[in-house]
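# Secondary and tertiary structure notes
Given next are the chains, with one letter for each unit.
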Amino acid sequence: MSKNVLKGIAIGGLIILLSLIAMYLGLVFYYDDGFSYGTRINGVYCAGKSVNEVNEELLKQCDYAGLTIIDSDGKSYTISSEEINLTAAFDEALNLYLKQQNPYLWVDNLIGDSGNKNLKPVLTYDKETYEQIVGGFPFFHGQTPEERKVEIIKTGNGYELKDERTHVLNEEKVREMIKDAFENLEPVLDLEAAGCYEDFPLDDEMKKAKMLWVKLEEYQDCGIVYQFGEETYPIDAGVVCDFLLLDDAGEFVLDRNGNLCTDEEKVYEFIDRLADEYDTVGISRQFRATRGEIVTVEGGTYGNKIDREAEKEYLLEAFLDKRREVHEPVYLQTAVKQGKDDIGDTYIEVDMTNQMMYYYEAGELKIETPVVTGNTSLRRGTPSGTNFVYSKETNRILRGEDYASPVKYWIPVRGAIGIHDASWRSKYGGEIYKTNGSHGCINTPLDKVAELYEMVEIGTPCVMFY
């Protein structure tokens, strides 16, 4: 290769080198009043921009509404930025970072992440208002460690363990975490996830209470459910807690194996209360009459009656055996339906004030007729009450002290009182019953009682009222 060629290559290389140096120095002087080439702060490209320009751009993306604190119960509390007049500024951090940059080393920003920087703003806010808001959070008004107890208490839901020394909020730690989260512009602080709850140590009495609670919890775990028609009555902790045997001081009695004891008499007392609630024979009922009002019907023979002795024996045995089952009680008498609403939608209604009788089947009115009931002037008025059809007969002779009346249809509902035809009558309804009424039965036109006889079943409720 000739000398001229080598000389040319050398001159060309020198020119290229000088050009690169000139370009490098040019960029140094170009970015001398701003951030270096390749600088990114909090994701914003800042090359050549001044501190004020970058500060404005960073504030635009710093839209902080405030901090929401969530406690272990899922309740949330908020510190609003607006409430405490929060303002943010990046200029102090930007000026410091700008001074740290060497414009002659801008090429370093092209390597890796050296040009990326995360800066936090300087916050100013009303600290007095902040403290008032934070201090007002309910979880900061708990008991002192010395006041926190472990004890067993009785509630409407049975015995419960009141443990005030487990899962306790560390208030000092929480205050610090709230402040850090707020000043770091975090939107949410979950106290449970942040580990802000802790357990306090227990003394000997507290340990005994927790050991007793294990036994109580097992004792109160009862799986028996009484079934009354469509209604259910669970024998839950609120019921079982009253079965426990207590001594004269009100303390739990334990057997020689350390197990809780059952007071049989309390089990029996519960069955009596249950039967009082669900026995419906002779009770006072609220009944919606066809005439459009709610009437009170007292007494009668219709309803359900629980066999209390059988149920006392059952419940004590089933409870002690820890059975888990749905149980229908044994009855001495049953209605068409079980439960508190035992009349259903198929029944006879006798309105003795209006001298009308109705028969409803599956809620539909099938028979409507005037009748004549007992003679009130002779004190033979038909008694009110909720009764039931207990028999059906045809071609019967009804006998009393001063009468013997043949009837074609006889539907007794209460003792000697029943619904029947009355061939000796030509009129029904009105006020006939007051002076020329029956001996107590419900006299009914032949065609209507014949219809009723064919349709009604034994056991059907008969609601009778004035």
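Our subject is the structure listed above.
Now for a description of the structure that goes with this document. (Residues numbered from 1 in each chain as written. Predicted model: local features only at pLDDT ≥ 70, side-chain atom pairs only at ≥ 80, totals over all residues. Heavy atoms only, no water.)

Below, the discussion takes up the side chain of Gln220. One can find Gln220 in the loop between helix H6 (204-219) and strand E13 (223-228). When residues no more than four places from it in sequence are discounted, the contact partners of Gln220 are Gly158, Tyr159, Trp213, Asp236, Ala237, Val240 and Cys241. (Helix = DSSP H or I, 4+ residues; strand = E, 2+ residues; numbered from the N terminus. Contact = heavy atoms within 4.5 Å.)

Moving on, we come to helix H11 (residues 446-455). Among all positions in H11, only Val449, Ala450, Leu452 and Tyr453 are buried. Axial view of H11: buried residues confined to an arc of 165°, hence all on one face. (Buried < 20%, exposed > 50% of the residue type's maximum accessible area, 1.4 Å probe, protein only. Arc of directions from axis to C-beta.)

The subject of this paragraph is the pattern of salt bridges. Overall, the coordinates contain 23 salt bridges when judged by the stated rule. Among the ionic pairs, Asp221 bridges to Arg324, the shortest N-O distance being 3.3 Å. Of the two residues, Asp221 is situated in the loop between H6 and E13 and Arg324 in strand E18 (residues 324-327); the sequence distance between them amounts to 103 residues. Given the relative accessible area of 57%, Arg324 is considered exposed. Across the pair Asp272 and Lys312 runs a salt bridge whose closest N-O atoms are separated by 3.3 Å. Highlighted residues: Asp272 in helix H8 (residues 264-278) and Lys312 in helix H9 (residues 308-320), separated in sequence by 40 residues. Using a relative accessible area of 25% as the deciding quantity, one classes Asp272 as partly exposed. Here Lys312 falls in the buried class, since its relative accessible area comes to 12%. (Salt bridge = Lys/Arg side-chain N within 4 Å of Asp/Glu carboxyl O.)

Checked against the element boundaries, Glu349 lands in strand E20 (residues 347-351). No salt bridge forms around the buried Glu349; measuring N to O, its nearest opposite-charge neighbour Arg291 is 6.8 Å away. Beyond its immediate chain neighbours, meaning those up to four positions away, Glu349 contacts Phe287, Ala289, Thr290, Met356, Met357, Tyr358, Tyr360, Val463 and Phe465. (Lys, Arg positive; Asp, Glu negative; His and termini not counted.)

On to the packing of aromatic side chains, then. The tally for this structure, following the rule as stated, stands at 22 aromatic pairs. Ring centres of Phe243 and Phe270 lie 6.0 Å apart, and the angle between their planes is 65°; this geometry places the pair in the edge-to-face category. One end of the pair, Phe243, is in the loop between helix H7 (237-240) and H8; the other, Phe270, is in helix H8, with 27 residues separating them in the sequence. The same class applies to Phe243 and to Phe270, which are both buried. Centroid distance Phe243 to Phe319: 5.5 Å. Interplanar angle 80°. Geometry classified as edge-to-face. Separated by 76 residues along the polypeptide, Phe243 in the loop between H7 and H8 and Phe319 in helix H9 bring together distant segments of the chain. Just as Phe243 is buried, Phe319 falls in that class too. One aromatic cluster is present, built from ring pairs that chain together Tyr219, Tyr226, Phe228, Tyr233, Phe243, Phe270, Tyr278, Tyr314 and Phe319. Positioned over the ring face of Phe140 is Arg175, at 4.2 Å from the centre of the ring. Sitting over the ring of Tyr219, Lys322 keeps its end group 5.6 Å from the ring centre. (Phe/Tyr/Trp six-rings, centres within 6.5 Å; stacked < 30°, edge-to-face > 60°. Lys NZ or Arg CZ within 6 Å of the ring centre and 35° of its normal.)

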